[in-house]
There are 2 protein chains.
Amino acid sequence: MSDAAPREEPASAGIKDVAALAGVSIATVSNALNHRERVAAPTLDRIDRAIGMLGYIPNGAARSLAAGRTRSFGLVLSDLGNSLFVDIARGAERAADERGLSIVLANSDGELEREDRYVELFAETRVRGVLLTLNDASHFRAIVGRHAHGQPLVMLNLHDDSGRYCTASIDNEAGGHLATAHLLETGRRRIVFVGGPDSLQPVDDRRRGFRRALAQAGLTPVDEVSPTWVNRADGWQVGRALAERVRAGEVDGIVAASDLLAAGIVQALSEHGAIPVPDQVGVIGYDNNQAAWDAPIPISTISQPGEELGFVGAHLLIDEVEQPGHEHRAIRLNPELIVRRSTER
Amino acid sequence: MSDAAPREEPASAGIKDVAALAGVSIATVSNALNHRERVAAPTLDRIDRAIGMLGYIPNGAARSLAAGRTRSFGLVLSDLGNSLFVDIARGAERAADERGLSIVLANSDGELEREDRYVELFAETRVRGVLLTLNDASHFRAIVGRHAHGQPLVMLNLHDDSGRYCTASIDNEAGGHLATAHLLETGRRRIVFVGGPDSLQPVDDRRRGFRRALAQAGLTPVDEVSPTWVNRADGWQVGRALAERVRAGEVDGIVAASDLLAAGIVQALSEHGAIPVPDQVGVIGYDNNQAAWDAPIPISTISQPGEELGFVGAHLLIDEVEQPGHEHRAIRLNPELIVRRSTER
DNA sequence: TTGTATGCGTTATCAT
DNA sequence: ATGATAACGCATACAA
């Protein structure tokens, strides 16, 4: 009621308040916090109680300033809308958990400016190191140029064996090859690749794998079509256009650069001409999306070990941070074939 | 070659190195960093150059320790696999950007233990405040109990007007009502609700909205079915089971608790009995997923303003942090009807 | 406009 | 087992 309202200060208690309440020195409190074994049980008890009463929360800033380091890593994600990156985050978190470390995330949306900004923000935070997911080789170059050496940084989802950084990525060329080889093994011979714009490096790599597989079999691609994008609607259009040729026997296999694409194709095929999949044409997708699994005709696909990618990447980073003689490595993970109805024979 | 190798120290330069190189005091460097207007142009120039040469990066820990606060917020997300939460993150980032603040993310996977842990980690980091997304009312209670008051915390996606916290959420009951009302307006009268397990609070709210809309129209639900989950495969099964009754004229409208569910239903309907949607039965989904938009028969749906939710939530938090007389508010956002083919008349 | 000096809340070193 | 105290790297009064 008066202006001298004794406004209770929830202003967070400090270590010295705890020390006072527990009747010990701040050094002992600090020990109780970081080296429990160094302090006697009864003392520990009083301290813990004091901490509880005051709702004391250590100040991380002071802590890392004094300790000279953090207990967390930063992870910059390219695209929160893509389950691959979410898997990566999961894997990285699992690896961090093992060591009692935490992972802080940031979303770059694939924009160079934001990739830059968050790498720097994390640098200021003095995280132990940063994991950066990248799709675009040009971004890689830009960041390498700007990056203040000394801050451990490993690149995810982009391969680079120049030895300047650790990188971990998934072999898209191998994936494209895998998908195509599977179609060949099930007896298909007239195969077409349905990809996206060349600007997407992963798609381009898959296309190269496709070509190599055909070449090894002594075949040449029937065709390669590049819709403007890689979602279901695009697949539907492509499927419609392809239906004719499938019925004419000109095409008996389709390698799609994404599951959404594949799902659209299969759908268009069955609606527009009642073309039996997999009997008359085998279709395989990429990504192991839910869409592929959910489809009325479950679609064969290539699964990417996203979680393992994050896990491996985090370990690379941990090694770089902890091992004195660390040498940069470029790890490439292998995708995996998942056979479902759409390619059965 | 000798063991006295003059290992170059990339050990990050400090503010005093910059000061030395620029021939000024550290206070001036600090001013150059935080109050550029206070320092003379030529001096500024020398300092900037020095910073560049040394690759100086301010130590965030020291900075916030001295300043007493951070320039970032924490955001704990329930489910990175759900686009709603990704949208929330986007909105929150946009709000933060406006004020020159950053947002750090963490993924709780909806697990109480991780929600707790990250709220605490952020507390230690002394972020300005924390945004926490929650699905489960029981988690809310647990966290409220444990939470050390004083740390600004706003809850997202969960409504609570007890006045203890700011909350921002989307009105799922209204969404269910909206969907049902739309079906009623297009002349449907025999409507069934297809939901998920009751344990999902949002689904349950939508069901309540459905009931209310029917009651207002003086109708009773034809039926309510609860598949074990809410994805496409579940919808497909439900659709198969429903086909018979639709053909018999017992059902002419379906409110699904998710777009995936709706897509599966429509698909099963058209395959299993060639039942024309929307002519014979209107189907509406929820979420405004890509799946709904991509489907061969585009599906009407309820769109959730996730980005706005994040935006509003961040503003609530900013207000709580900056305004002395702040009072907690519980904001409820309205979902929106999106009409597409599947309910046309 | 620039420099000096103090303190932020911890951890770690060294005594005791 | 515990306590005193010096860093940690910077921001900010305040003095010059």
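Residues numbered from 1 in each chain as written. Chains lettered and ligands numbered in written order. Predicted model: local features only at pLDDT ≥ 70, side-chain atom pairs only at ≥ 80, totals over all residues. Heavy atoms only, no water.

Colleague: Outline the relation of the copies chain B and chain A, listing residues and values.
Modeller: One copy of the chain maps onto the second through a rotation about an axis and a displacement along it. Overlay of chain B on chain A (RMSD 0.1 Å): rotation 180°, translation along the axis 0.0 Å. Expressed as a symmetry operation, the mapping of one chain copy onto the other fits a two-fold axis. Both copies present the same face, since 95% of the interface residues in chain B are matched by interface residues at the equivalent positions in chain A. (Least-squares fit on C-alpha atoms with pLDDT ≥ 70 in both. Contact = heavy atoms within 4.5 Å.)

Colleague: Account for the packing of aromatic side chains, with residues named and values stated.
Modeller: Residue and element names in this part refer to chain A. Following the criterion strictly, the structure yields 4 aromatic pairs over all chains and no others. With centroids separated by 6.4 Å and ring planes inclined at 75°, the aromatic side chains of Phe 140 and Tyr 165 adopt a geometry described as edge-to-face. A residue pair is termed long-range when its members are at least 10 positions apart, and Phe 140 in helix α7 (residues 137–146) and Tyr 165 in the loop between β4 (153–156) and β5 (166–170) qualify at 25 residues. Here Phe 193 and Phe 210 contribute two aromatic rings whose centre-to-centre distance is 5.2 Å and whose plane-to-plane angle is 40°, an arrangement assigned as tilted. A residue pair is termed long-range when its members are at least 10 positions apart, and Phe 193 in strand β6 (residues 191–194) and Phe 210 in helix α9 (residues 201–216) qualify at 17 residues. Given a relative accessible area of 1%, Phe 193 falls into the buried group. Stacked on the ring of Phe 311, the Lys or Arg Arg 94 has its end atom at 4.2 Å from the ring centre. Positioned over the ring face of Tyr 286 is Arg 206, at 3.8 Å from the centre of the ring. (Phe/Tyr/Trp six-rings, centres within 6.5 Å; stacked < 30°, edge-to-face > 60°. Helix = DSSP H or I, 4+ residues; strand = E, 2+ residues; numbered from the N terminus. Buried < 20%, exposed > 50% of the residue type's maximum accessible area, 1.4 Å probe, protein only. Lys NZ or Arg CZ within 6 Å of the ring centre and 35° of its normal.)

Colleague: With reference to specific residues and values, describe the protein's contact with DNA strand C.
Modeller: Taken together, the neighbourhood of DNA strand C is formed by 23 residues, with Ile 15 and Ser 30 of chain A together with Thr 28, Ala 40 and Thr 43 of chain B sitting nearest. At the protein interface, 67% of the atoms of DNA strand C within 4 Å belong to sugar or phosphate. Measuring from a phosphate oxygen of DNA strand C, one finds a side-chain N or O atom of Thr 28 of chain B at 2.6 Å. Here Ala 66 of chain B contributes a backbone N or O atom positioned 3.4 Å from a base oxygen of DNA strand C. For the surface near DNA strand C, the elements supplying multiple residues, two or more each, are α2 (26–34) and α4 (60–67) of chain A together with α2 (26–34) and α4 (60–67) of chain B. (Near = heavy atom within 4 Å. Polar contact = N/O pair within 3.5 Å; in protein donor to acceptor, adjacent residues only side chain to side chain.)

Colleague: Account for the pattern of salt bridges, with residues named and values stated.
Modeller: Under the defined criterion, the tally for this structure stands at 39 salt bridges over all chains. The residue Arg 208 of chain A makes a salt bridge to Asp 205 of chain A at a minimum N-O spacing of 2.7 Å. With Arg 208 of chain A and Asp 205 of chain A both in helix α9, this residue pair falls 3 residues apart, about one helical turn. Asp 205 of chain A sits in the buried class, given a relative accessible area of 14%. Residue Arg 207 of chain B is joined to Asp 204 of chain B by a salt bridge in which the shortest nitrogen-to-oxygen separation is 3.6 Å. With a gap of 3 residues between them, Arg 207 of chain B and Asp 204 of chain B both fall in helix α9 (residues 201–216), about one helical turn apart. Residues participating in the shared-partner salt-bridge network are Asp 204, Arg 207, Arg 211 and Glu 224 of chain A. (Salt bridge = Lys/Arg side-chain N within 4 Å of Asp/Glu carboxyl O.)

Colleague: Mind laying out the sheet that holds strand β9 (residues 282–284) of chain B, listing which residues take part and the relevant values?
Modeller: All names here are of chain B. Spatially, β7-β6-β8-β9 is the arrangement adopted by the 4 strands of the open sheet, whose pairing is parallel. The sheet is open, and its two borders are formed by β7 (223–225) and β9, each paired with just one other strand. Ignoring which end each strand starts from, the neighbouring axes of this sheet average 15° apart. The pairing of strand β6 (residues 191–194) with strand β8 (residues 253–256) spans 4 bridges and is classified as parallel. Opposite Val 194, over in β8, you have Ala 256 as the bridge partner. Taken strand by strand, helix α10 (residues 232–247) contacts β6, β7 and β8, and its axis lies near 170° from that of β6. The sheet strands contacting helix α11 (residues 259–271) are β6, β8 and β9, and the helix crosses β8 at an angle near 145°. (Pairing = 2+ DSSP bridges. Axes fitted to C-alpha atoms, helices over the stretch in contact; angles between N-to-C directions.)

Colleague: Describe in detail the UniProt feature "domain: HTH lacI-type" (unreviewed entry) in chain A, supporting the description with residues and values.
Modeller: The UniProt entry lists residues 13–67 of chain A under the feature "domain: HTH lacI-type" (unreviewed entry), expressed in the numbering used here. For residues 13–67 of chain A, helix accounts for 71% and strand for 0%, while the C-alpha atoms at its two ends are 20 Å apart. (UniProt positions renumbered as here; feature names shortened; annotations may be inferred.)

Colleague: I'd love a proper account of the protein's contact with DNA strand D, names of residues and values included.
Modeller: Not every one of the 23 residues close to DNA strand D is listed here, only the nearest: Thr 28 and Thr 43 of chain A together with Ile 15, Ser 30 and Tyr 56 of chain B. Thr 43 of chain A has a polar side-chain atom sitting 2.4 Å from a phosphate oxygen of DNA strand D. Backbone polar atom of Asn 59 of chain B to a phosphate oxygen of DNA strand D: 3.4 Å apart, as the coordinates give it. Counting only elements with at least two residues in the surface near DNA strand D, the list comes to α2 and α4 of chain A together with α2 and α4 of chain B. In terms of residues, the surface near DNA strand D owes the most to one element, α2 of chain B, which gives 4 residues. In terms of residue class, the surface near DNA strand D is made up of 13 nonpolar, 8 polar and 2 charged. (Nonpolar A, V, L, I, M, F, W, Y, C, P; charged D, E, K, R; others polar.)

Colleague: So what's going on with the interface of chain B and chain A? Which residues, and what values?
Modeller: Every contact between the two is made by 43 residues of chain B and, on the other side, 43 residues of chain A. Summed over both sides, the interface between chain B and chain A buries roughly 3,800 Å², with carbon and sulfur atoms accounting for 53% of that surface. Along the contact surface separating chain B from chain A lie 7 salt bridges. The residue Arg 117 of chain A makes a salt bridge to Asp 97 of chain B at a minimum N-O spacing of 2.9 Å. Counting across the interface, chain B meets chain A through 13 residue pairs in polar contact (both at pLDDT 80 or more). Secondary structure elements with two or more residues in the side of chain B that touches chain A: α4, α5 (83–98), β2 (102–107), α6 (112–125), α10, α11 and α12 (290–294) of chain B. Ranked by residue count, the leading element in the side of chain B that touches chain A is α6 of chain B, at 7 residues. Class assignment of the residues belonging to the side of chain B that touches chain A gives a composition of 20 nonpolar, 11 polar and 12 charged. (Buried area = accessible area lost by both parts, 1.4 Å probe.)

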